[in-house]
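Chain residues, written in single-letter form:
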Amino acid sequence: MYQNSQDITIRVWDFPTRFFHWALAICVIAAFFSIKAAGTTEGWVANAGIAWMDWHVLSGYCVLSLILFRIIWGFTGSYYARFSQFLKGPASIMQYFKGNHDSLGHNPLGALSVIAMLAVFGFQAFSGLFTTDDIFTNGPLVHLSAGFSKTMTSLHRSNEPVMIILFALHILSIVFYRVFKKKKLVSTMITGKTQVSPENNYVQATDNLRVFIAGLVTLAVTSGFVYWISTLGASSSGSFY
Ligand code: HEM
Ligand code: HEM
């Protein structure tokens, strides 16, 4: 979207969606960093005296809470945050490839990557609940079934390259939009706003105190639920719990 002086500012992402996104990015990166740090035996990371495995489990719980939040928000959030607004069938995806697509929010192809990321990172956090390193750290639901825990531990490990590929595609597509389509998606995800020409009559997303409180309550409920799961079994080597 090229900018011109007639453009108006329009609200696309509400605060809860933006908070979700940047918190998810931080927690996923923290989960990766901490698991790699936990396996390091030399250097400052190993000698820092930090229980990295506990941080891994904690950041994983945060990812799970956030993704559960986003699933609910996909039904209750403001206009562009709703799945019904951006999940389109194959016909719309074909139209998008032909260049016949001009709307705000996620485009039909980007929507697929959003769903893929929610599913893959959500699965990673879910499988973590059943994952064990057979030494100190058990997910809180490991005790439910030894066989299921074995399968989940193996999937928790083998999902790593899938997550890395999705992350790389995510960043590459954002760079592609910036360079070739001149769209500043990152600043829209930070401020929630973008510039459009007025004749398109785009819908404004609602982003007021009511939306903020609804987001806060939803996140409190999903975090409370995940906290409750974390109490169902010994989940880590101990310094947090
Ligand atoms: C592991 C880290 C990350 C994960 C798991 C992740 C995941 C996601 C997800 C699930 C969405 C959909 C948002 C929603 O509708 O709720 C999204 C959108 C977005 N992400 Fe990320 N993200 C990550 C890192 C980043 C980084 C580092 C950047 C900036 C360079 C970024 C920029 C964006 C932008 C601009 C959008 C909006 C795309 C659009 O307008 O359609 N993300 N991301
Ligand atoms: C989205 C969040 C998460 C990410 C990105 C993630 C990532 C990873 C990765 C990549 C590994 C493999 C490390 C390796 O073999 O080098 C791993 C191992 C592990 N994770 Fe997670 N994890 C997440 C959530 C969780 C949660 C919620 C728990 C527990 C409640 C957990 C517990 C474990 C344990 C115990 C291991 C060690 C398994 C082993 O010894 O092979 N993870 N995690």
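Quick notes on the rules
Residues numbered from 1 in each chain as written. Chains lettered and ligands numbered in written order. Predicted model: local features only at pLDDT ≥ 70, side-chain atom pairs only at ≥ 80, totals over all residues. Near = placed C-beta within 6 Å. Helix = DSSP H or I, 4+ residues; strand = E, 2+ residues; numbered from the N terminus. Nonpolar A, V, L, I, M, F, W, Y, C, P; charged D, E, K, R; others polar. Buried ≥ 20, exposed ≤ 12 C-beta atoms within 10 Å, placed from the backbone. Contact = placed C-beta atoms within 7 Å.

S.K.: Account for the site of ligand 1, with residues named and values stated.
M.R.: Around ligand 1 sit 21 residues in total, of which Ala25, Val28, Met117, Leu185 and Met189 are the nearest. Of all elements in the fold, only helix H1 (15-38), helix H6 (108-128), helix H8 (160-180) and helix H9 (185-191) reach the threshold of two or more residues within the shell around ligand 1. Examining the composition of the shell around ligand 1, we find that 7 residues originate from one element, H1, more than from any other. Among the residues making up the shell around ligand 1, the classes are represented as 15 nonpolar, 5 polar and 1 charged.

S.K.: Tell me what's going on with the environment of Ile229, and back it up with residues and numbers.
M.R.: Mapping Ile229 onto the fold places it in helix H10 (residues 209-230). Using a count of 18 C-beta atoms within 10 Å as the deciding quantity, one classes Ile229 as partly exposed. The spacing of Ile229 and Leu141 is 88 residues in sequence and 7.9 Å in space, taken between C-alpha atoms. Beyond its immediate chain neighbours, meaning those up to four positions away, Ile229 contacts Leu129 and Pro140.

S.K.: Go over the site of ligand 2, please, and point to the residues and values.
M.R.: Surrounding ligand 2, one finds 25 residues, the nearest of these being Ala31, Gly60, Val63, Gly128 and Asp133. Where the shell around ligand 2 is concerned, the elements lending two or more residues are H1, helix H3 (52-76), H6 and helix H7 (146-158). Looking at the shell around ligand 2, the element that brings in the most residues is H3, giving 5 residues. Considered class by class, the residues forming the shell around ligand 2 number 10 nonpolar, 12 polar and 3 charged.

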